[in-house]
Amino acid sequence: DAGVTQSPTHLIKTRGQQVTLRCSPKSGHDTVSWYQQALGQGPQFIFQYYEEEERQRGNFPDRFSGHQFPNYSSELNVNALLLGDSALYLCASSLNRGDYTDTQYFGPGTRLTVL
Amino acid sequence: AQKVTQAQTEISVVEKEDVTLDCVYETRDTTYYLFWYKQPPSGELVFLIRRNSFDEQNEISGRYSWNFQKSTSSFNFTITASQVVDSAVYFCALSGPTDSWGKFQFGAGTQVVVTP
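Predicted model, so just to flag it, every value in this text is computed and none were measured.

The rules we used
- Residues numbered from 1 in each chain as written.
- Chains lettered and ligands numbered in written order.
- Predicted model: local features only at pLDDT ≥ 70, side-chain atom pairs only at ≥ 80, totals over all residues.
- Heavy atoms only, no water.
- Helix = DSSP H or I, 4+ residues; strand = E, 2+ residues; numbered from the N terminus.
- Buried < 20%, exposed > 50% of the residue type's maximum accessible area, 1.4 Å probe, protein only.
- Polar contact = N/O pair within 3.5 Å; in protein donor to acceptor, adjacent residues only side chain to side chain.
- Contact = heavy atoms within 4.5 Å.
- Salt bridge = Lys/Arg side-chain N within 4 Å of Asp/Glu carboxyl O.
- Nonpolar A, V, L, I, M, F, W, Y, C, P; charged D, E, K, R; others polar.
- Phe/Tyr/Trp six-rings, centres within 6.5 Å; stacked < 30°, edge-to-face > 60°.
- Lys NZ or Arg CZ within 6 Å of the ring centre and 35° of its normal.
- Pairing = 2+ DSSP bridges.
- Disulfide = S-S within 2.5 Å.

(A) Inspection of the side chain of Q56 of chain A at higher detail. For Q56 of chain A, the location among the structural elements is in strand 6 (residues 53-57). Accessibility expressed as a relative area gives 11% for Q56 of chain A, which makes it buried. Within the structure, Q56 of chain A has its side chain in polar contact with the backbone nitrogen of K103 of chain B (distance 3.5 Å). When sequence neighbours within four positions are dropped, the list of residues in contact with Q56 of chain A reads F45, F47 and Q48 of chain A together with D99, S100, G102 and K103 of chain B.

Below, the structure written as structure tokens:
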């Protein structure tokens, strides 16, 4: 049973560029969440996708956008990269339970460095 | 707003010692879930345990145990007879209906260093 996969593993970009990160959820999961983890800090929630729509969003600017595809995989796009966007980006998948939470299972992350 | 506090930045122990990680949370929700995750140097967050707010029974799973006390809003986690492979950053997380269940609020993490 494949777990959550993310690509690429590492990425180096320069300020002002745009980046796309990809995530495939665990088999059987229909919900994908994205988190940003700066060095030495806990993960910060960016947004969550379910049924191809953004269901919930954290305190991140509109430069951060996403998409979910019919096969439940997801992309995270970041435009106009800033130095402060350098971080580990984690994708988590879960099963929508409606009125309670399901455990989120995380992928290995994408390490983004902005120069 | 929901908040999770892990006051311990780093804990260093010698192998076979027990390690207890503290987690204090704030929430206005009456129903919520609490989690512990482990993040080894590879970076992937590994799910360890989950507890809902209605069940304060403390349990043991292998070398892991947890102490959930709603009265003090604490959800502490213990590793018994630590091993070098337990070296990692451990995160406590909270999820509830205030955030539509989707957002996990994480603490800052506690670095555990186990030396032989």
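Let us keep going from here.
(B) Examining the interface of chain B and chain A more closely. Listed per partner, the contact involves 21 residues of chain B and 23 residues of chain A. Remark: the boundary between chain B and chain A carries zero salt bridges. At the junction of chain B with chain A, the criterion picks out seven residue pairs in polar contact (both at pLDDT 80 or more). Listing elements by their share of the side of chain B that touches chain A, those giving two or more residues are strand 5 (33-39), strand 6 (46-52) and strand 10 (88-95) of chain B. Among the elements that make up the side of chain B that touches chain A, the one with the highest residue count is strand 5 of chain B (four residues). Looking at the side of chain B that touches chain A residue by residue, the classes come out as ten nonpolar, seven polar and four charged.

(C) Inspection of the packing of aromatic side chains at higher detail. All told, the structure shown has 21 aromatic pairs over all chains when counted by the stated rule. Here Y35 of chain A and F45 of chain A contribute two aromatic rings whose centre-to-centre distance is 5.6 Å and whose plane-to-plane angle is 70 degrees, an arrangement assigned as edge-to-face. Pair noted here: Y35 of chain A is in strand 4 (residues 31-37) and F45 of chain A is in strand 5 (residues 44-50), with a separation of ten residues, a long-range link. Taking the relative accessible area as the measure of exposure, F45 of chain A reaches 4% and is therefore buried. Ring geometry for F91 of chain B and F106 of chain B: centres 6.3 Å apart, planes at 85 degrees, overall edge-to-face. Of this pair, F91 of chain B sits in strand 10 while F106 of chain B is found in strand 11 (residues 105-106), placing the two residues 15 residues apart along the sequence. Owing to a relative accessible area of 1%, F91 of chain B belongs among the buried residues under this scheme. By relative accessible area, which is 4% here, F106 of chain B ends up buried. Here a set of aromatic residues connected by ring pairs shows up, and it is made of Y35, F45, Y105 and F106 of chain A together with F35, Y37, F47, F91, F104 and F106 of chain B. The positively charged end of K26 of chain A is found above the aromatic ring belonging to Y105 of chain A, 5.3 Å away from the centroid. In this structure, K70 of chain B is placed above the aromatic ring of F54 of chain B, and the distance from its NZ or CZ to the ring centre is 5.5 Å.

(D) Layout of the pairing of strand 7 (residues 64-68) of chain A. Inspection of the sheet shows strand 7 of chain A paired to strand 8 (residues 74-78) of chain A by five bridges, in the antiparallel sense. Its bridge partner lying in strand 8 of chain A, H67 of chain A is registered against E75 of chain A.

(E) Layout of the state of the cysteines. All names here are of chain A. For the coordinates displayed, the defined rule picks out two disulfides over all chains. What pairs with C23 in a disulfide is C91, and their sulfur atoms sit 1.7 Å apart. Residues C23 and C91 share a disulfide whose torsion about the S-S bond is about -60 degrees; that sign makes it left-handed. Of this pair, C23 sits in strand 3 (residues 19-24) while C91 sits in strand 9 (residues 87-94), and the two are 68 residues apart along the sequence. Grouping residues by exposure puts C23 and C91 together as buried.

(F) Representation of the side chain of N77 of chain A. Residues and elements named next belong to chain A. By the element assignment, N77 lies in strand 8. What makes N77 buried here is its relative accessible area of 15%. In this structure the side chain of N77 is engaged in a polar contact, spanning 2.6 Å, whose partner is the side chain of T20. In this structure, N77 is in contact with Q18, V19, T20, R63, F64, S65 and G66, ignoring residues within four places of it in sequence.

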